[in-house]
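For reference, the chains in residue letters:
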Amino acid sequence: MLQTSPAVRNDARPDENKARALTAYRWMILARVLEEKLASLYRGGKITGGVFLGKGQEALSAAIGTALKKGDIFAPLIRDMAGRLAFGESVLEAARTYLGSRLGPMRGRDGNIHRGKPRDGYYAMISHLGAMVSTVAGGLFARRARGETGVVGATCIGDGATSTGSFHEGLNMAAVEKLPLVVIVANNQYAYSTPTARQYACEDLVQRAAGYGVAGYKIDGTDPSACVEVVHEAVARARAGAGPQMVVADLLRLVGHGEHDDFHYMNHALKLAPIGRDCLDVAREQLIASGDATRAQLDTMRNQAAAEVESACGTALREALPNPSEEDWCALSTRRLSEGGQQ
Amino acid sequence: MFQNQTATTAQTGTITYLEAIRAAQRKLLAEDERVFIYGQDIADFGGAFKATKGLAKEFPGRVIDSPISEDAQVGLAIGAALEGMRPIVEMQFADFSTCGLTQILQHAATMFWRTGVPCPIVVRLPSGGTAGAGPFHSQSMEALYAHYPGIVVMTPATVEDAYTMLLEAVEIDDPVIFCEHKYLYYHLKADGLPDVALPTGKARIARAGRDATIVTYSAMVHESIACAEELAAEGWEIEVVDLRSVKPLDTDTILGSVARTGRLLAVGEAFPWGGVTAEVLARIATEGFGLLDAPPMRLNAKDTPVPYHPNLWGTHRPTARAITSAMRDLLRS
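Residues numbered from 1 in each chain as written. Chains lettered and ligands numbered in written order. Predicted model: local features only at pLDDT ≥ 70, side-chain atom pairs only at ≥ 80, totals over all residues. Heavy atoms only, no water.

(A) Focus on the packing of helix α1 (residues 14–43) of chain A against helix α11 (residues 295–318) of chain A. Residues and elements named next belong to chain A. Packing of α1 against α11 brings their axes to within 9 Å, and their N-to-C directions diverge by 45°. In this view, α1 runs oblique relative to α11, as classed from their interaxial angle. For the pair α1 and α11, the sense of crossing is right-handed. Within the contact between the two elements, α1 uses Leu22, Tyr25, Arg26, Ile29, Leu30, Val33, Leu34, Glu36, Lys37 and Leu41 and α11 uses Leu298, Met301, Arg302, Ala305, Ala306, Glu308, Val309, Glu310, Cys313 and Leu317. Looking at side-chain class alone, the contact of α1 with α11 contains 14 nonpolar, no polar and six charged residues. (Axes fitted to C-alpha atoms, helices over the stretch in contact; angles between N-to-C directions. Helix = DSSP H or I, 4+ residues; strand = E, 2+ residues; numbered from the N terminus. Parallel < 35°, antiparallel > 145°, perpendicular 65-115°, else oblique. Left-handed = near helix turned anticlockwise from the far one by under 90°. Contact = heavy atoms within 4.5 Å. Nonpolar A, V, L, I, M, F, W, Y, C, P; charged D, E, K, R; others polar.)

(B) The arrangement of the pattern of salt bridges in detail. The tally for this structure, following the rule as stated, stands at 41 salt bridges over all chains. The salt bridge partner of glutamate 148 of chain A is arginine 143 of chain A, with a shortest N-O separation of 3.5 Å. Close ionic contact of glutamate 233 of chain A with arginine 237 of chain A constitutes a salt bridge, the shortest N to O distance being 2.7 Å. Of this pair, glutamate 233 of chain A and arginine 237 of chain A both sit in helix α8 (residues 224–239), four residues apart, which is roughly one turn of the helix. Across the pair, arginine 237 of chain A and glutamate 233 of chain A agree in class, each one buried. Overlapping salt bridges, with partners in common, bring together Arg143, Arg146 and Glu148 of chain A together with Glu83 of chain B in one network. (Salt bridge = Lys/Arg side-chain N within 4 Å of Asp/Glu carboxyl O. Buried < 20%, exposed > 50% of the residue type's maximum accessible area, 1.4 Å probe, protein only.)

(C) Highlighting the interface of chain B and chain A. With 46 residues of chain B at the interface, the matching set in chain A holds 45 residues. Across the chain B/chain A interface, buried area totals approximately 3700 Å², and carbon plus sulfur atoms make up 58% of it. Three residues, Glu83, Trp113 and Arg114 of chain B, lead the burial of chain B against chain A; their summed loss comes to 24% of the area buried on that side. Where chain B packs against chain A, one counts four salt bridges. (Buried area = accessible area lost by both parts, 1.4 Å probe.)

(D) Broad picture of unusual backbone geometry. The peptide bond linking lysine 247 of chain B to proline 248 of chain B adopts the cis configuration, its omega dihedral lying at 5°. Along the polypeptide, proline 248 of chain B turns up in the loop between β12 (245–247) and α9 (251–261). Phi at tyrosine 192 of chain A is positive, roughly 55°, even though this residue is not glycine. Its location among the elements puts tyrosine 192 of chain A in the loop between β5 (190–191) and β6 (194–195). The class for tyrosine 192 of chain A is partly exposed, based on a relative accessible area of 43%. Unlike most non-glycine residues, phenylalanine 263 of chain A shows phi in positive territory, near 60°. Checked against the element boundaries, phenylalanine 263 of chain A lands in the loop between β8 (245–250) and α9 (268–272). Residue classification places phenylalanine 263 of chain A among the buried residues on the basis of a relative accessible area of 9%.

(E) Representation of the sheet that holds strand β14 (residues 297–299) of chain B within the structure. Residue and element names in this part refer to chain B. The strand order across the open sheet built from five strands is β9-β11-β10-β13-β14, with neighbouring strands paired in mixed fashion. Whereas interior strands pair on both sides, the edge strands pair on one side only; in this sheet they are β9 (204–207) and β14. On average, each strand axis in the sheet is tilted by 25° relative to the strand beside it, whichever way the strands run. Of the strand pairs in this sheet, strand β10 (residues 212–216) and strand β11 (residues 238–242) are connected by five bridges, and their pairing is parallel. For alanine 212, the partnering residue across the bridge sits in β11 and is isoleucine 238. Of the strands in this sheet, β9, β10, β11 and β13 (264–267) are in contact with helix α8 (residues 220–232), which crosses β11 at around 170°. (Pairing = 2+ DSSP bridges.)

(F) Local environment of the nonpolar core. Within the largest apolar cluster, 153 residues are counted, with the highest numbers of intra-cluster contacts made by Ile64 and Val231 of chain A together with Tyr145 and Val280 of chain B. The biggest single contributor to this core is α1 of chain A, with 13 residues. When sequence neighbours within four positions are dropped, the list of residues in contact with valine 280 of chain B reads Val215, Leu243, Leu249, Ile254, Leu264 and Ala266 of chain B. Leu337 of chain A together with Phe59, Val63 and Tyr163 of chain B belong to the second largest nonpolar core, which has 42 residues in total. (Core = buried A, V, L, I, M, F, W, Y, C linked by side-chain atoms within 4.5 Å.)

(G) Inspection of the sheet that holds strand β5 (residues 122–127) of chain B at higher detail. All names here are of chain B. Spatial strand order, β3-β2-β4-β5-β7-β6-β12: seven strands in an open sheet with mixed pairing. Of all the strands in the sheet, the pair left with one neighbour each is β3 (63–65) and β12. Pairwise comparison of adjacent strand axes, ignoring direction, gives a mean angle of 20° for this sheet. Pairing of strand β2 (residues 35–39) with β3 involves three bridges; the strand directions are parallel. Bridging across to β3, glycine 39 finds its partner in aspartate 65.

(H) Quick peek at the domain arrangement of chain B. Residue and element names in this part refer to chain B. Per the domain assignment, the segments making up chain B are domain 1 (15–190) and domain 2 (204–332). A C-alpha centroid distance of 26 Å is found between domain 1 and domain 2. With 29 residues of domain 1 at the interface, the matching set in domain 2 holds 22 residues. Between domain 1 and domain 2, the buried area comes to about 2000 Å², and carbon and sulfur atoms account for 60% of it. Three residues, Glu142, Thr155 and Ala157, lead the burial of domain 1 against domain 2; their summed loss comes to 21% of the area buried on that side. Joining domain 1 to domain 2, the criterion identifies one salt bridge. Arginine 244 is the salt-bridge partner of aspartate 161, the closest N and O atoms lying 2.9 Å from each other. There are 11 residue pairs in polar contact (both at pLDDT 80 or more) connecting domain 1 and domain 2. Listing elements by their share of the side of domain 1 that touches domain 2, those giving two or more residues are α5 (142–146), β6 (152–154) and α6 (159–171). A per-class count over the side of domain 1 that touches domain 2 returns 16 nonpolar, 11 polar and two charged. (Domains from an automatic or database assignment. Polar contact = N/O pair within 3.5 Å; in protein donor to acceptor, adjacent residues only side chain to side chain.)

Structure below.
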């Protein structure tokens, strides 16, 4: 069941898709502005550790974030600021994690992109790529066992992660268990510095969907309206009981792996090709051309995003940092079984 | 016959160690709707060792065959645990759990610390050597798991502990590695299953003595008791401490025993570098140095893969004979 975007029949009415595109844009611009601020704070020495940007991937990420509902499960990856915000993370929580605030969800114990709130269905990724595929499947397995219906779980990975055993095991298992899992593959042309030619030998990653017996979709990840349309369709099908769905989007990571990486290895031909388009520029053009938004309205959205980001980062910067002498050095929730005090 | 046959003690009961594990799972499935079991060949087939025999039929949809995907099996358990379930993952052999290490050590074990949300999964590891099993079906992996923060590691040595500790493992809100010994599956028997037990984290004096202490766990408890019985004929009284869980490690009970005997031998079936016996010696050397009348000793398997042929295997791992030999050295020192 291999599909490409023109073949997808989106049941949503045209005005629904237009509303979705505008909503997605709001998260895209908020993510972009927040990440620009985080990069600035990193360069200014205010953030310890890494900063990893999703520049160029906002359209795809916002599409999955807006397609999911409260009560669904979402395990984003490195470049999913837009999807995280759309799924319900606040700008303040993101800023707190990057800035190490003890009030953030990770309390300084983990940082940057390794954040989440599992109780809200927002799983915290680990660095070992592909691991979240089976984990989200497990969350869905539990929901089904409890009799919940209409739940969808989604996770995002890149081209590099499709080479891991975890990805293979997880997607195969989800297909065997017929779970409502949506896997979003951002084929951003580089895994850190490794180009796709050194990552896989099939013609297109979407071909793998057939091998797993799951539905496959191929989209232009620089086309925001296509991202919204196809990803919402894949989520709707999973929700309706059609089993796992895999969406592969071609796009270009427009920045280095992290802010420490100058991306000198980038093939400039890709940057000049259609795949090198900035999805935010494309989104603006689409929204203005369709008459769904004016230039002034979009500028206002950016200004509102900037104000929200400034406020949140200002708050997080003033908050207390983790204190080792007040830290509870106990890795178990069952305190009587902890050895922490014995060392 | 092969050399160095394995020692067992008091095998007159009717319930085996394996049956105790099955009975615990049956009770858990019957009494706790959050429990399910996920593993290879465990449904209609009943598992490679029949630890789940009959359970899939009795509890439809809750004892489930998985693909051969240890990483995904544990990943599924983690996700299910986050959503309030109490999954048990059966590894077909402890050795294959290396394919699931990422999910166990990097994901499940870090979950509570990172997110504040507990990750109550149980991973059952059919562990330890049996004659002819060879390098990939014989390993004892408790030390590897115990090295990582965020995990409880159980190593039951008796039928009763196999039962009550598995029940407790599912109750515990944290990841539990349950090392069940394959040799004990069939060779160890008891008359009945207990209602009460020592809590996890408390070691047990398996045999009282006053001349020397053997600290050990799992199948080596029985080899050590056989050693103690042999030396008892010569007038020595050897105390055997069964750790029950290697993490947490009950340092207090070991210190108390060494305070009585003044001599310590730690015995484990696992590989020698680091590990449980090294941890025991390190703790007693640092916290109980003044209690020792002689340098503490440790005895483990050899630093090679586990050999296939029983003649080699019987020498690779500690046996009652090898423990007795080491103990004679300790008593003379």
